[in-house]
Amino acid sequence: MLNSLTFLRTVPLLVLLGTVNVALGLANEPPPAEETGSVSLRLYQVEGSVPSDDPNSAVWSSIEGSEFKLAPQVHWPPRIQEVTVKSVKVKGVHNGQELAILVEYNDPTEDPADGAALEFMVGDKQAHFAHGQEMLQVEGGPVNIWFWKKETGNALDMSAKGFKNLKTQEKQNVQAKGVWENGTWKVVFSRSLITEDEQDVQIQPGEWRSVAFAFWDGAIVDGLVKEKGSQKAVSSWWYIRAEPSADNSIYVWVLFGLALAAAFELVIVRKLRKGQSA
Amino acid sequence: MKGPIFNGAIILVGVFVFLKFLLPLFTAPLPASLIYLYVALALSGIMIFGTMSASSLEAFMGPIYRFLSGKGQSGVGQMARLAVLVLFPLLVGWQTYTKLAPSDLPPAENRTIHPAPPGEFVGLSNPYPKVPENIMMGKGLYAAYCSPCHGANFDGKGPAAPGFNPPPANFSDPGTIAQLQESYLFWRIKKGGVGLPVEGMPWKSAMPRWEEELSDEFIWKIIMGEYDGAHQSPRTWEEEE
């Protein structure tokens, strides 16, 4: 009798494995505590145009942001031990074509040399957060830097691979607009999600990318610009992702899975009943 | 309730509890996927054992077959059977959902904190004697170069620490330098984050490559100052054997 049911031997195994798998999935570790700041930035999907030239647009107050801590740049010389910008609030949106990222941070004075930058890994190779500096055992990739400065009023689209290789790209794809008010800078960077330029980060909705931040307080102290060049506030890599559009096909698959499992059971139980009465 | 199924279940639960709850008391917790793999391995072992001979096969599978077919079962048995029959498709549906649902969580990171050092750094010993002058000098250099990140109290809480992920190591924690030999620190300080192999995720580390600014002598003395200040001692060769 059992012989005719040989294939059924795998059923309990499947059921057991499935149950164990799910139980473990539920017992999974919770996401890391956010007390030290955020770990990722979400670009919310919006309808219509993105607020690329309006740091005060109502769109920004309708979404949640992230907050990242910053450090005085003490990683490579020339260092700086104390900086003005200690943390930054960041929000992002996209509409499937264009993206806009708002950075908001405290800086008591508005100065021509004030600056803000976003840095991204480009391509498949990992790049060191400090300008894609050379790594000794791993072949690194380049970084794409979007650099806004108050005195130019716009953003430069730049590339780097190593400290001495920071250069302005031939194809400029990034815009930026900054507004200073009551000790707070709000700067919006914008770009198309995808560009034709292989030196640029390509932001495909649904895919994770790495982003880092840098800020310069260009105030004049004792006749010198306080923060410039490598003397700035920095972060290391955090994650960024443009929200993918809602995908309802997943519910179809869930129903399919349910139906398949139920049909499977039906067949098994019928076979078993027949087998046992035979 | 006795028999091979019961025994098998006890073993599985035991393996799970051991891996998930007991092991982390002694070492770093295992990722859930690995725990799953080990439990699945244990399960296949039990299955193979249970189905080795015809009689053990019947002993193992018979009750399951009878349970699923629902023949001659009491009320409680029928309820349990119904529950299993309803639960299984739901679990499959739930599995499908969790596997396909877009996650808002960034990719999980499995950074190896203490990867193997390159061969030329293995077994080096500190050439400078552990005398107060050297320790003092090491501490002074530490205060100048390392404390902005690793903290004046050797606790990883320097003023620059909050911006970096991973955070600067906390030397007063028994999980860092107390686990390491001096030669390992020499490598890490000399080559910095960029010197890590791929499993150490060098692209994320803010640890500077100090060979560009500090002599070997300074580095060895800093190591002395670091252990002394953090109230730890290096792991020695004898313990390694």
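For the structure itself, consult the block above.
The rules behind these values
- The residue count restarts for each chain, going from 1 along the sequence in the order it is written.
- Ligands are numbered from 1 and chains lettered from A, in the order in which they are written.
- Residue-level local features of this predicted model are given only where pLDDT is at least 70; pairs of side-chain atoms are given and counted only at 80 or more, and the full residue set underlies all totals for whole chains, interfaces and linings.
- Water and hydrogen atoms play no part in the side-chain values, which are based on all heavy atoms of the structure.
- Helical segments are the DSSP runs of H or I of at least four residues, strand segments are the runs of E of at least two, and each set is numbered from the N terminus.
- The reference for a compact globule is 2.2 Å times residues^0.38; the radius of gyration itself is calculated from the C-alpha atoms.
- In this scheme, a residue with accessible area under 20% of its type's maximum is buried, one over 50% is exposed, and one in between is partly exposed, where area comes from a 1.4 Å probe on protein chains only.
- For helices, the axis comes from a line fit to the C-alpha atoms of the stretch in contact; other axes are also lines fit to C-alpha atoms, and the angle between any two N-to-C directions lies between 0 and 180 degrees.
- Angle categories are assigned with fixed cut-offs, so that under 35 degrees is roughly parallel, over 145 is roughly antiparallel, 65 to 115 is roughly perpendicular, and the rest are oblique.
- Each crossing gets its handedness from the near helix: less than a right angle anticlockwise from the far helix is left-handed, clockwise is right-handed.
- Every residue pair with non-hydrogen atoms within 4.5 Å of one another is taken to be in contact.
- Residues are grouped as follows: Ala, Val, Leu, Ile, Met, Phe, Trp, Tyr, Cys and Pro are nonpolar; Asp, Glu, Lys and Arg are charged; every other residue, Gly included, is polar.
- By convention, the term buried area covers the 1.4 Å-probe accessible surface removed from two parts as they join, with the contributions of both added.
- A side-chain nitrogen of Lys or Arg and a carboxyl oxygen of Asp or Glu constitute a salt bridge if their distance falls within 4 Å.
- The span you would expect from a helix comes to 1.5 Å times its residue count less one.
- This arc corresponds to the set of directions leading from the helix axis out to the C-beta atoms.
- Aromatic pairs are defined between Phe, Tyr and Trp rings, using the six-membered ring for Trp, whenever the two ring centres lie within 6.5 Å; interplanar angles under 30 degrees are classed as stacked, those over 60 as edge-to-face, and all others as tilted.
- Comment: the charge-over-ring label is applied if NZ (Lys) or CZ (Arg) is within 6 Å of the ring centre and within 35 degrees of the ring normal.

**Student:** I would appreciate a short explanation of the overall build of chain B in the present structure.
**Tutor:** The secondary structure content of chain B amounts to nine helices and zero strands. Shown N-terminal to C-terminal, the secondary structure of chain B runs as helices and strands in the order α-α-α-α-α-α-α-α-α. In terms of C-alpha radius of gyration, chain B reaches 27 Å, well past the compact-globule figure of 18 Å for 241 residues. In terms of its C-alpha atoms, chain B occupies a principal-axis envelope of roughly 85 × 45 × 30 Å. Burial statistics for chain B: of 241 residues in total, 41% are counted as buried.

**Student:** What is the right way to read the packing of helix H1 (residues 4-22) of chain B against helix H2 (residues 32-50) of chain B from this model?
**Tutor:** Describing two packed helices takes the angle between their axes plus the distance from one axis to the other. Residues and elements named next belong to chain B. Where H1 contacts H2, the axes come no closer than 10 Å and their chain directions differ by 160°. When the axis of H1 is compared with that of H2, the two are roughly antiparallel. Between H1 and H2 the crossing geometry is right-handed. Contact residues: H1 offers Gly8, Ile11, Leu12, Val15, Phe16, Leu19 and Lys20, while H2 offers Ile35, Tyr38, Val39, Ala42, Leu43 and Ile46. In the contact of H1 with H2, the residues fall into eleven nonpolar, one polar and one charged.

**Student:** Please explain the environment of A:Lys164 as it appears in this structure.
**Tutor:** Tracing the backbone shows A:Lys164 in the loop between strand E8 (155-160) and strand E9 (167-168). Residues A:Lys164 and A:Val211 lie 47 residues apart in sequence; the distance between their C-alpha atoms is 20 Å.

**Student:** Please explain the interface of chain A and chain B as it appears in this structure.
**Tutor:** In many reports, interface size means the accessible area that the parts give up when they come together. Contacts between the two partners involve 67 residues from chain A and, on the opposite side, 69 residues from chain B. Counting the surface lost from both chain A and chain B, the interface buries some 5,900 Å², and carbon and sulfur atoms represent 69% of this. Counting across the chain A and chain B interface gives one salt bridge. The salt bridge partner of A:Arg79 is B:Glu213, with a shortest N-O separation of 2.7 Å.

**Student:** What should I look at first to understand H1(B) in this one?
**Tutor:** Structural remark: α-helix, 3.6 residues per turn; residues separated by three or four positions point the same way. Residues and elements named next belong to chain B. A rise of 1.5 Å per residue sets the reference length of H1, with its 19 residues, at 27 Å; its end C-alpha atoms lie 25 Å apart and thus fit the reference within 8%. Taken as a whole, H1 has its buried residues at Gly8, Leu12, Leu19 and Lys20. Buried residues in H1, looked at end-on, bunch into an arc of 90°, giving them a common side. In this structure, the buried residues of H1 make contact with H2.

**Student:** Just checking my understanding: could you explain the packing of aromatic side chains for this structure?
**Tutor:** The relative placement of two aromatic rings is captured by the distance of their centres and the angle of their planes. Throughout the structure, instances matching the rule amount to 19 aromatic pairs over all chains. With 4.9 Å between their ring centres and 70° between their planes, A:Trp148 and A:Trp185 make a pair best called edge-to-face. Here the residue A:Trp148 occupies a position in strand E7 (residues 143-149), and A:Trp185 occupies one in strand E11 (residues 184-192), the gap between them amounting to 37 residues. Assessed through its relative accessible area of 1%, A:Trp185 is described here as buried. For the ring pair B:Tyr142 and B:Phe171, a centre distance of 6.4 Å and an interplane angle of 65° mean the geometry is edge-to-face. Placement of B:Tyr142 in helix H5 (residues 132-145) and of B:Phe171 in the loop between helix H6 (147-150) and helix H7 (182-191) is noted, with a sequence separation of 29 residues between them. There is no split in this pair, since B:Tyr142 and B:Phe171 are both buried. Aromatic rings pair up to connect A:Phe68, A:Phe213 and A:Trp238 into one cluster. It is B:Arg188 that lies over the ring of B:Trp187; its NZ or CZ is 5.7 Å from the centre.

**Student:** I tried to follow the packing of helix H3 (residues 54-69) of chain B against helix H4 (residues 75-100) of chain B on my own but got confused; where do I start?
**Tutor:** All names here are of chain B. As a packed pair, H3 and H4 sit with axes 8 Å apart at the nearest point and diverge in direction by 85°. Taken together, the axes of H3 and H4 lie roughly perpendicular to each other. On H4, the residues that touch Phe67, Leu68 and Ser69 of H3 are Gly77, Ala80, Arg81, Val84 and Leu85. Here the contact of H3 with H4 is built from residues that sort into five nonpolar, two polar and one charged.

**Student:** What is the right way to look at the pattern of salt bridges in this model?
**Tutor:** In a structure, side chains of opposite charge can pair up when their charged atoms sit close to one another. With the rule as written, the count across this model stands at 16 salt bridges over all chains. Here B:Arg209 makes a salt bridge to B:Glu211, at a shortest N to O gap of 2.8 Å. Among the ionic pairs, B:Lys221 bridges to B:Glu217, the shortest N-O distance being 2.6 Å. One end of the pair, B:Lys221, and the other, B:Glu217, are both in helix H8 (residues 216-230), four residues apart, so they sit about a helical turn from each other. Through salt bridges with shared partners, one network takes in A:Glu82, A:Lys86, A:Lys226 and A:Glu227.

These figures capture arrangement, not role.
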